[in-house]
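Below, each chain spelled out in residue letters.
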Amino acid sequence: MPFSPSLNPDRQKSNSIGPRNSADSFDLQFEDSFDAVLDNIELNTDTRNQNNTLPNNQNINKASSENKDKLQESFEMKSLNARNGGLGHSRNSSNGDRQPLMHDSASNPDGSPYKYTNVSESALNLHSNNRFSNWITKLKMVGAQKWKKFHTMGSVELDDRHMEREIHPSTTPVYDRNRYPGNEISNAKYNAFTFIPTLLYEQFKFFYNLYFLVVALSQAIPALRIGYLSSYVVPLAFVLTVTMSKEAMDDIQRRRRDNESNSELYHVLNQSKLVPSKDLKVGDLIKISKGDRLPADLVLLQSSEPSGETFIKTDQLDGETDWKLRIAPALTQNLTEPDLMNKVSITASAPEKAIHNFLGKVTYKDTSSNPLSIDNTLWANTVLASTGFCIGCVVYTGRDTRQAMNTTTATVKTGLLELEINSISKILCASVFALSIILVVFAGFHNSDWYLDVMRYLILFSTIIPVSLRVNLDLAKSVYAHQIEHDDTIPETIVRTSTIPEDLGRIEYLLSDKTGTLTQNDMQLKKIHLGTVSYTSETLDIVSDYVDALVNSSNSANPSGKSVPSTSRKDLSARVRDMVVTLAICHNVTPTFEDDELTYQAASPDEIAIVKFTESVGLSLFKRDRHSISLLHGHSGSILTYEILQVFPFNSDSKRMGIIVHDEQKDEYWFMQKGADTVMARIVENNDWLEEETGNMAREGLRTLVVGRKKLSRNIYDQFKKDYDDASLSMVNRDQQMNAVITKYLEYDLELLGLTGVEDKLQNDVKSSIELLRNAGIKIWMLTGDKVETARCVSISAKLISRGQYVHIITKLTKPEGALNQLEYLKVNKGACLLIDGESLGMFLRYYKREFFDVVICLPTVVACRCTPQQKADVALVIREFTGKRVCCIGDGGNDVSMIQCADVGVGIVGKEGKQASLAADFSITEFCHLTELLLWHGRNSYKRSAKLAQFIMHRGLVIAICQAVYSICSKFEPIGLYQGFLMVGYATCYTMAPVFSMTLDHDIEESLTKIYPELYKDLTEGKSLSYKTFFVWCALSLFQGCVIQGCSQVFSSLLEVDFTKMVAIGFTALILNELIMVALEIYTWNKIMVFTEILTFLCYVISVPFLGEYFDLKYMMTLRFYGELLFILLVSVFPVWAAKAIHRRLHPPSYAKVQEFSTV
């Protein structure tokens, strides 16, 4: 029989709204038709099986003669069977996925108001036993898979997360409770089973930790055991314990925060008691009060405000501090709670990451519908700011929420210093192997266990790679973070990533945003231009005089009610009034009263600046709700009321904002719009001044907006509203269809009213900060979304472009042909500044990435305009890849997050655009000028201290290893331990750790000198504090001191077994005192803590000596001979080192030494 399946009614409706020419639309129609055909085959097969006494053709005819309701019910049952009956697949048909499990049915035989489409066991068994049905099921699965593979190569298998969902508050939470993710929040990194394995992997992926693990495990083999097992296990266990304890505490804190969120109680309609957040289900209706956190993604259905409006705070979601207006659909605003529960259904689009996009519709009684957009949503983790309450329906939970989908696991950043130390550790390891083999070779291979001797030597020399190195560096990072956060010169600075403070001293490229970073994001309207005349802050009294006559002029200027043609030359005062009124109406600003003080809430500070300007000239925004806006005319005290018919909000794609209002006094319909000149130029009527004046304002550093309006007739507006409402109900290409209607009816031949210029002031001390950073050798790039002229003006005023510096401009370059010719000048003049727009930058990134960056990375300054957030991130990644240098990115807005996260060091500014950049950054500051303190002072100290600390710890391990090597050589190459048991543990901990770690409080120059002589920063970027040169110098020093200490100890005693404790006593004591003296020689600036650690450690050793009789000859240590020999060893060991350092410093003084000497003169 022929099959003619029909499409879902919703899709038929959307098809009737507009053409569907996309491939996606064709795919959906094909799959709907294909599934419907196969469903019909299944249906007829089931009917034939249930009525097997009838001929096949009669059964088919009987099935086809069933009424439409019964057929629909069968389809619903099959949808249930497919989901719950174990058929092994999920339906691709949108029909089955969106049909409710409960229907309003007045004709139900049992008289109940609802009909449940339950699945009988016989039906399930029938499906499972029917071969033909199973064949159809397989055919559907294979067909769907092949069709998907055919029409897209990158397709994925669809599930509930990829398909729109239909939600019925009365049934979805019950019957579909397992279909959608739970709402429990979990930010914990570990659980009881993964904690230890994960931590061990994270620790032993570092080379030196893995080395010590192998050494410690080798002590379980009796043939390899040297000394006490604790000598090797305790240091490693200490490091692991400290690290695991820190991770455990952090994870416990995360779990506590999660538990607090999951245990918050909410009022769910039709529930007798409050429900925890973690138990909320899709379809639950929740009543939210002021100050409550939204536990899941909701659709707003009702508000306690008669207008249906409510405000939410979204700073924890998008980082923006302004309140967002949300509106309940008119269809549900006045319904009772039982009607909301039983007669409303919601269709929501599939979960997605975009927090500013949402498509859906709400339906009442299956008859009338309202579209749903972002204005009707309450996303998870936002907070209700309005008084009263609101009722929302849960549409997404758990991992499907916008918050969860935009939360990514932060990558662990590894500092450059750690990578350098890891490389040096490999050299030390190779040295240990080489030394062990050499000693065995000299001993000869007559011993059959020579390979065991190699292993024993490896264990004896394991101190060369100190196990305490990593824990000392980690603790040092915590000290640096504490010092940064408690620096009074940079208040409210927060260290969010404590693993990379040393990289603050290695920055060579700084990528900065402009608005809110170099500028204050404190907008003031400085100028309005009407084509023939302009007004500035000095001439606002003239504008105020014109506005004072607004009420009288509006009643007498045009008594006929006919619109004045835009081509006629109006009176100047009328033009000014039209401009001011349009500015006072065309915005998304909402006045709010907090503690009897009027404040304005808006997504853009530009709009607030414009509203404050109209207030200053006598026309104040008095009241605004979803349906009307009221202006207070200051001179007359009159209230001007306009009915709001439609609002078209600003977004980064359209770059404009519009509104349709009805002037109730004059019964006029107006479409008003303002936006960027690049898009408004084609929308307003022809003129000869707009382009020139926007350029002039941009050169003054002003942000420009073009303002226009258009009068509409009632018929035009009605026709527009009908087409616009139809487009807004579409579930396919809704935005494109709505934009097409706006373009068709509104956006052409607007009357050009004028141009506004808003100034964004520079941040405090930006000029001096940029000059300091440039003198420090840091190359600064400014990446902004503003116009070329505005960016150039701000760059000059901020001293990013120095006086007399040539600016090479590359703009509107879209084709690769001849593009490289634009770079020829920059290859010759390395001191020039490049100014490039986003279009040209994108072309170079696509076609000539290597050639472009080979030229521009050498320039002192690059300014990129009209950049997208992704382009900012790409620039940071490419600079890191091509140069291998440390890149720092700084910004203050959500559009800077990608760039900040891609940098080696990300710095976020807490600004008027919110906290999103600050929360995503490694370091959070409040002003750009704080960056100089962060880099030049704290970066210097962190890097130099960690470099010295790492090398000194290596020196400490090398010295004792050299002593062991000398002893092994002199004892006929026998792998016998020199210092055993507690001596090995105490040497690296209680006897030397505190003085060595106190070097984290040292500094080589005073803080003021880092800003007087910023050139000192260049020494840090060259990595001179820790290099192969300095490493081998420390190795030579360790070799000398180790040979002196052990050689003299053997001379003053002997290698005989009876003198072994004497040799150990004098040698170990000399080692401890040598390290304490070496620490004192390395310190530049003493403080109380350093002195205290030196004295305390010395006393600790002296007090512990009587308890070390197992290792020392205590009688020998009580003789004057012992102290004379000890003094001799220390003089020979330390004096040449001190003398060599003093002579080298005198002949080749480092830069900071020259500065110190000069500053003291």
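Not measured: the values here are computed from a predicted model.

Definitions and cut-offs
Residues numbered from 1 in each chain as written. Predicted model: local features only at pLDDT ≥ 70, side-chain atom pairs only at ≥ 80, totals over all residues. Heavy atoms only, no water. Helix = DSSP H or I, 4+ residues; strand = E, 2+ residues; numbered from the N terminus. Buried < 20%, exposed > 50% of the residue type's maximum accessible area, 1.4 Å probe, protein only. Contact = heavy atoms within 4.5 Å. Areas by Shrake-Rupley, 256 points an atom, 1.4 Å probe, with all protein chains shown as cover. Patch = residues over 30% accessible without salt bridge, like charges linked within 9 Å, V, L, I, M, F, W, Y side chains within 5 Å. Salt bridge = Lys/Arg side-chain N within 4 Å of Asp/Glu carboxyl O. Axes fitted to C-alpha atoms, helices over the stretch in contact; angles between N-to-C directions. Parallel < 35°, antiparallel > 145°, perpendicular 65-115°, else oblique. Left-handed = near helix turned anticlockwise from the far one by under 90°. Pairing = 2+ DSSP bridges. Core = buried A, V, L, I, M, F, W, Y, C linked by side-chain atoms within 4.5 Å. Domains from an automatic or database assignment. pLDDT = per-residue confidence, 0-100. Nonpolar A, V, L, I, M, F, W, Y, C, P; charged D, E, K, R; others polar. Phe/Tyr/Trp six-rings, centres within 6.5 Å; stacked < 30°, edge-to-face > 60°. Lys NZ or Arg CZ within 6 Å of the ring centre and 35° of its normal. Expected span 1.5 Å × (residues − 1). Arc of directions from axis to C-beta.

**Student:** Lay out the overall build of the protein chain with the relevant residues and their values.
**Tutor:** Across its full length, the protein chain carries 45 helices and 35 strands. In the protein chain, which comprises 1161 residues, the proportion classed as buried is 53%. For the protein chain, the share of sequence-separated contacts (at least 6 apart) that also reach a separation of at least 24 residues comes to 73%. Accessible surface, the protein chain as shown: approximately 52900 Å² in total, 55% of it carbon and sulfur.

**Student:** Give me the lowdown on a nonpolar patch on the surface, citing residues and values where you can.
**Tutor:** Taken together, Trp1086, Val1091, Ile1095, Phe1098, Leu1099, Val1102, Ile1103 and Phe1107 make up a surface patch of nonpolar side chains, about 800 Å² in accessible area. Position of Phe1098 relative to the elements: it lies in helix H42 (residues 1088-1104). A residue is classified by how much of its surface remains accessible, and Phe1098, at 38% relative accessible area, is partly exposed.

**Student:** Would you mind going over the packing of helix H16 (residues 416-443) against helix H17 (residues 450-460) in detail, with residue names and values included?
**Tutor:** Between H16 and H17, whose axes approach to 9 Å, the crossing angle comes to 140 degrees. The angle between the axes of H16 and H17 places the two elements in the oblique class. Judged by the sense of rotation from one axis to the other, the crossing of H16 with H17 is right-handed. Contacts between H16 and H17 pair Val432, Phe433, Ser436, Ile437, Leu439 and Val440 from the former with Trp450, Asp453, Val454, Tyr457 and Leu458 from the latter.

**Student:** Lay out the sheet that holds strand E30 (residues 807-810) in plain terms, naming residues and giving numbers.
**Tutor:** The strand order across the open sheet formed by 9 strands is E16-E35-E34-E33-E17-E29-E32-E31-E30, and the pairing between neighbours is mixed. What marks the edges here is a single partner per strand, and that holds for strand E16 (494-495) and E30. Across 4 bridges, the pairing between strand E33 (residues 886-891) and strand E34 (residues 905-909) is parallel. Counted as the bridge partner of Cys889 is Gly906 from E34. The strands touched by helix H32 (residues 869-883) are strand E17 (507-512), strand E29 (779-783) and E33; relative to E17, the strand with the most contacts, the crossing angle is about 170 degrees. Contacting E17, E33, E34 and strand E35 (923-925), helix H35 (residues 930-970) runs over the sheet at an angle of about 140 degrees to E35.

**Student:** Summarise the nonpolar core; cite the residues concerned and give the values.
**Tutor:** In this structure, Leu510, Phe923, Phe928 and Leu931 are the most contacted members of the largest nonpolar core, which totals 99 residues. In terms of residues, this core owes the most to one element, H35, which gives 14 residues. When residues of this core are sorted by domain, at least three fall in each of domain 2 (466-482 + 941-1159) and domain 3 (505-518 + 763-927). Beyond its immediate sequence surroundings of up to four residues, Leu510 is in contact with Leu773, Ile778, Lys779, Ile780, Trp781, Cys888, Ile890, Phe928 and Leu931. Met579, Cys586, Leu619 and Tyr642 belong to the second largest nonpolar core, which has 41 residues in total.

**Student:** Just give me the short version of the confidence of the model for the protein chain, but keep the residues and values in it.
**Tutor:** With 81% of its residues at a pLDDT of 70 or more, the protein chain has an overall mean of 80. Segment residues 1-158: pLDDT under 50, and 177 contacts once partners within four positions in sequence are set aside and those in other chains are kept.

**Student:** Before we move on, could you go through the sheet that holds strand E7 (residues 297-303) and cite the residues and values that matter?
**Tutor:** Hydrogen bonding along the main chain pairs the strands of a sheet, whether they run parallel or antiparallel. Strand order across the open sheet formed by 6 strands is E5-E4-E6-E15-E7-E13, with antiparallel pairing between neighbours. One side of each edge strand has no neighbouring strand; the edge strands of this open sheet are strand E5 (275-276) and strand E13 (377-378). Across 2 bridges, the pairing between strand E4 (residues 265-268) and strand E6 (residues 285-289) is antiparallel. Within E6, the position partnered with His267 by the bridge is Lys287.

**Student:** Please provide a residue-by-residue account of the packing of helix H27 (residues 766-775) against H35, values included.
**Tutor:** Interaxial distance between H27 and H35 falls to 9 Å at its minimum, and their mutual angle equals 25 degrees. Here H27 is positioned roughly parallel relative to H35, judged by the angle of their axes. Note that H27 runs across H35; the crossing there is left-handed. Contact residues: Ser769, Leu772 and Leu773 in H27; Leu931, Thr932, Leu935 and Leu936 in H35. The residue makeup of the contact of H27 with H35, split by class, is 5 nonpolar, 2 polar and no charged.

**Student:** Let's hear about the packing of aromatic side chains: which residues, and what values?
**Tutor:** Counting across every chain of the model gives 31 aromatic pairs. Taken together, a centroid distance of 6.0 Å and an interplanar angle of 45 degrees make the contact between Phe1068 and Phe1112 tilted. Taken as a pair, Phe1068 in helix H41 (residues 1060-1082) and Phe1112 in the loop between H42 and helix H43 (1114-1117) lie far apart in primary sequence, 44 residues in all. Under the relative-accessibility criterion, Phe1068 is labelled buried at 0%. Residue placement shows Arg709 over the ring face of Trp670; its charged tip is 4.0 Å from the ring centre. For Arg850, the ring lying beneath its charged end belongs to Phe882, and the centroid distance is 3.8 Å.

**Student:** With reference to specific residues and values, describe the pattern of salt bridges.
**Tutor:** Pairing of side chains with opposite charge becomes possible as their charged atoms draw close. Under the criterion given, the structure shown has 35 salt bridges. We note a salt bridge from Asp904 to Arg880, for which the minimum N-O separation is 3.1 Å. Placement of the pair is Asp904 in the loop between helix H33 (897-902) and E34 and Arg880 in helix H32, with a sequence separation of 24 residues. By relative accessible area, Asp904 is classed as buried at 6%. Residues participating in the shared-partner salt-bridge network are Asp503, Arg880, Arg886 and Asp904.

**Student:** Please set out H32 residue by residue, giving values where relevant.
**Tutor:** Spanning 15 residues, H32 covers 22 Å between terminal C-alpha atoms, matching the ideal 21 Å at 1.5 Å per step. Of the residues making up H32, those classed as buried are Gln871, Lys872, Ala873, Val875, Ala876, Val878, Ile879 and Phe882. Among the structural elements, E17, E29, helix H30 (838-847), helix H31 (849-856), E33 and H33 are those in contact with the buried residues of H32. Looking one or two places after H32, you find Gly884, whose phi comes out positive at around 70 degrees.

**Student:** So what's going on with the environment of Asn775? Residues and values would help.
**Tutor:** Along the chain, Asn775 turns up in helix H27. On the basis of relative accessible area, Asn775 is assigned to the partly exposed category, the value being 32%. A sequence separation of 238 residues divides Asn775 from Tyr1013, and the C-alpha atoms of the two residues are 8.5 Å apart. Beyond its immediate stretch of four places on either side in the chain, Asn775 contacts Pro1014, Glu1015 and Lys1018.

**Student:** Report on the pairing of strand E9 (residues 323-327), specifying residues and quantitative values.
**Tutor:** Burial within E9 is extensive, with 4 of its 5 residues counted as buried. Pairing of strand E8 (residues 309-313) with E9 involves 5 bridges; the strand directions are antiparallel. Counterpart to Ile312 in the pairing with E9 is Lys324.

**Student:** Kindly report on H31, identifying the contributing residues and their values.
**Tutor:** Among the residues making up H31, those that are buried are Phe852, Phe853, Val855 and Val856. All buried residues of H31 project into a common sector of 160 degrees when viewed along the axis, lining one side. Tucked inside the fold, the buried residues of H31 contact E29, helix H29 (824-828), strand E31 (833-837), H30, strand E32 (861-865) and H32.

**Student:** An account of the pairing of strand E22 (residues 619-624) is needed here, citing residue identities and associated values.
**Tutor:** Pairing geometry for E22 and strand E23 (residues 628-633), over 5 bridges, is antiparallel. What sits directly across from Lys623, in E23, is Ser630. The hairpin turn running from E22 into E23, its antiparallel successor, is 3 residues long.

**Student:** How would you sum up unusual backbone geometry? Please name residues and give values.
**Tutor:** Even without being glycine, Lys812 reaches a positive phi, approximately 55 degrees. With respect to the helices, strands and loops of the structure, Lys812 is situated in the loop between E30 and H29. In this structure, Lys972 takes a positive phi of about 60 degrees despite not being glycine. Here Lys972 shows up in the loop between H35 and helix H36 (982-988). We classify Lys972 as exposed; its relative accessible area is 71%.

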